[in-house]
Amino acid sequence: QQQVKQSPQSLIVQKGGISIINCAYENTAFDYFPWYQQFPGKGPALLIAIRPDVSEKKEGRFTISFNKSAKQFSLHIMDSQPGDSATYFCAASKVWSNDYKLSFGAGTTVTVRA
Amino acid sequence: NAGVTQTPKFRILKIGQSMTLQCTQDMNHNYMYWYRQDPGMGLKLIYYSVGAGITDKGEVPNGYNVSRSTTEDFPLRLELAAPSQTSVYFCASRHTEAFFGQGTRLTVV
C-alpha cells in the first residue's frame, strides 16, 4: 500500500503559469516532507522540504503548502519556465527513526510550453 | 565533491545472468538506500543500510541482495536476472537530505 499518494500523474502548463502538484499521506508519524526534482537521465535532487510545524515554505518560485489536519501537502511552481520541465516526486519520512526511510509518491511529469 | 557514484550507467543482461550494481558515497553518511524506478510507479525501496555491517529489506527485496562492509560502499547484487528486474536503479545516501546517484538503467532480455 502506497503511503504517499500523488496527483496528477502529468500536467502541461504555459510559460508563466502556475503548476500545482498535490500529495496526501497516511502515516501521522511522518514529520519531514521533501519534494524532489528529476530531469531525464538524472537522479532525483532535493528541491524544497518542509516540517509540519509550519504551514508554508517558499524558496524562489517554489512553495510548499502543508495541511496537517488533512494530511496533505502541495507544491506550487509560480511563473513556470521551460527549464522547470521535469518529473517531481513528493516524499515523507520520520526524522527520528532507526531507518530514516523515505516513502515516495508516484511522481508528476510537468511540461512547460514556451 | 563526487557525492553518490553509481556504476555502470547502462547494462543489458540475459535472463539468468548475475551482476553487481556498484554504489559509493564520499559524504560519510551512515544511511544508504537502493531504489528501483519504473514508469508511473515512483521509487520503490529495495534494500537499505543504517551503517556498515547492517542491512535490511525494503518494499521489493525479492531477487536482490546487498552488503555493506564499509561506510562508503553499498553494492546491489542480482543473482538470477529476470525480465521483471528491467528498471532504473538508484542508490542514495542520507544524513538529513537524501543524495541520489545518476542511476543504472538495466535491461534484462
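The structure presented is a predicted model; accordingly, all values stated were derived computationally and were not measured.

**Student:** Please provide a residue-by-residue account of the overall build of chain B, values included.
**Tutor:** When helices and strands are tallied, chain B shows zero helices and eleven strands. Taken from the N to the C terminus, the helices and strands of chain B come in the order β-β-β-β-β-β-β-β-β-β-β. The globule rule puts the C-alpha radius of gyration for 109 residues at 13 Å, and the 13 Å found for chain B is close to it. Its C-alpha atoms put chain B at 35 × 25 × 20 Å along the principal axes. In chain B, which comprises 109 residues, the proportion classed as buried is 47%. Across chain B, the fraction of contacts at a sequence separation of at least 24, relative to all contacts at a separation of at least 6, is 52%. When the accessible area of chain B is evaluated, it comes to approximately 5,200 Å², of which 52% is carbon and sulfur surface. Between the mean site of the 10 positive side-chain charges and the mean site of the 8 negative ones, chain B shows a separation of 9 Å.

**Student:** Let's hear about the packing of aromatic side chains: which residues, and what values?
**Tutor:** Each aromatic ring pair is characterised by the separation of its centres together with the angle its planes make. All chains considered together, the criterion is met by 18 aromatic pairs over all chains. Considering the side-chain rings of Phe104(A) and Phe100(B), the 6.1 Å spacing of their centres and the 70 degrees angle between planes classify their relative orientation as edge-to-face. A residue pair is termed interchain when its members come from two chains, as with Phe104(A) in strand β10 (residues 103-104) and Phe100(B) in strand β10 (residues 98-100). For Phe104(A), a relative accessible area of 5% puts it in the buried group. Owing to a relative accessible area of 10%, Phe100(B) belongs among the buried residues under this scheme. The interplanar angle of 80 degrees and the centroid separation of 6.5 Å between the aromatic rings of Phe90(B) and Phe100(B) together place this pair among those described as edge-to-face. Here Phe100(B) lies in strand β10 and Phe90(B) lies in strand β9 (residues 87-94), a separation of ten residues in the sequence. Connected via pairs of aromatic rings, a cluster forms that spans Tyr36(A), Phe89(A), Phe104(A), Tyr33(B), Tyr35(B), Tyr48(B), Phe90(B) and Phe100(B). Cation over ring: Arg68(B) sits above Phe74(B), and NZ or CZ is 5.9 Å from the ring centre.

**Student:** Please set out the sheet that holds strand β1 (residues 4-7) of chain B residue by residue, giving values where relevant.
**Tutor:** Residue and element names in this part refer to chain B. Strand order in the open sheet formed by four strands is β1-β3-β8-β7, with antiparallel pairing between adjacent strands. Two strands in the sheet have a free side with no partner beyond their single neighbour: β1 and β7 (64-66). Within this sheet the neighbouring strands show an average axis-to-axis angle of 20 degrees, counted without direction. With three bridges connecting them, β7 and strand β8 (residues 76-78) associate as antiparallel partners. Bridging from a neighbouring strand, Asn65 pairs with Arg77 of β8.

**Student:** Describe in detail the pattern of salt bridges, supporting the description with residues and values.
**Tutor:** Residue and element names in this part refer to chain B. Counted by the stated rule, this structure contains five salt bridges over all chains. In this structure, Asp38 engages Arg36 in a salt bridge whose closest nitrogen and oxygen atoms are separated by 3.0 Å. Accessibility classification places Asp38 together with Arg36 in one group, the buried group. For Arg77, the salt bridge identified is with Glu79, shortest N-O distance 3.2 Å.

**Student:** Before we move on, could you go through a nonpolar patch on the surface and cite the residues and values that matter?
**Tutor:** A cluster of nonpolar residues, Ile18(A), Ile20(A) and Met78(A), forms a patch on the protein surface that exposes about 240 Å² of accessible area. Residue placement: Ile20(A) occurs in strand β3 (residues 19-25).

The rules behind the values
Residues numbered from 1 in each chain as written. Chains lettered and ligands numbered in written order. Predicted model: local features only at pLDDT ≥ 70, side-chain atom pairs only at ≥ 80, totals over all residues. Heavy atoms only, no water. Helix = DSSP H or I, 4+ residues; strand = E, 2+ residues; numbered from the N terminus. Rg over C-alpha atoms; globule rule 2.2 N^0.38 Å. Buried < 20%, exposed > 50% of the residue type's maximum accessible area, 1.4 Å probe, protein only. Contact = heavy atoms within 4.5 Å. Areas by Shrake-Rupley, 256 points an atom, 1.4 Å probe, with all protein chains shown as cover. Lys, Arg positive; Asp, Glu negative; His and termini not counted. Charge placed at Lys NZ, Arg CZ, Asp CG, Glu CD. Phe/Tyr/Trp six-rings, centres within 6.5 Å; stacked < 30°, edge-to-face > 60°. Lys NZ or Arg CZ within 6 Å of the ring centre and 35° of its normal. Pairing = 2+ DSSP bridges. Axes fitted to C-alpha atoms, helices over the stretch in contact; angles between N-to-C directions. Salt bridge = Lys/Arg side-chain N within 4 Å of Asp/Glu carboxyl O. Patch = residues over 30% accessible without salt bridge, like charges linked within 9 Å, V, L, I, M, F, W, Y side chains within 5 Å.

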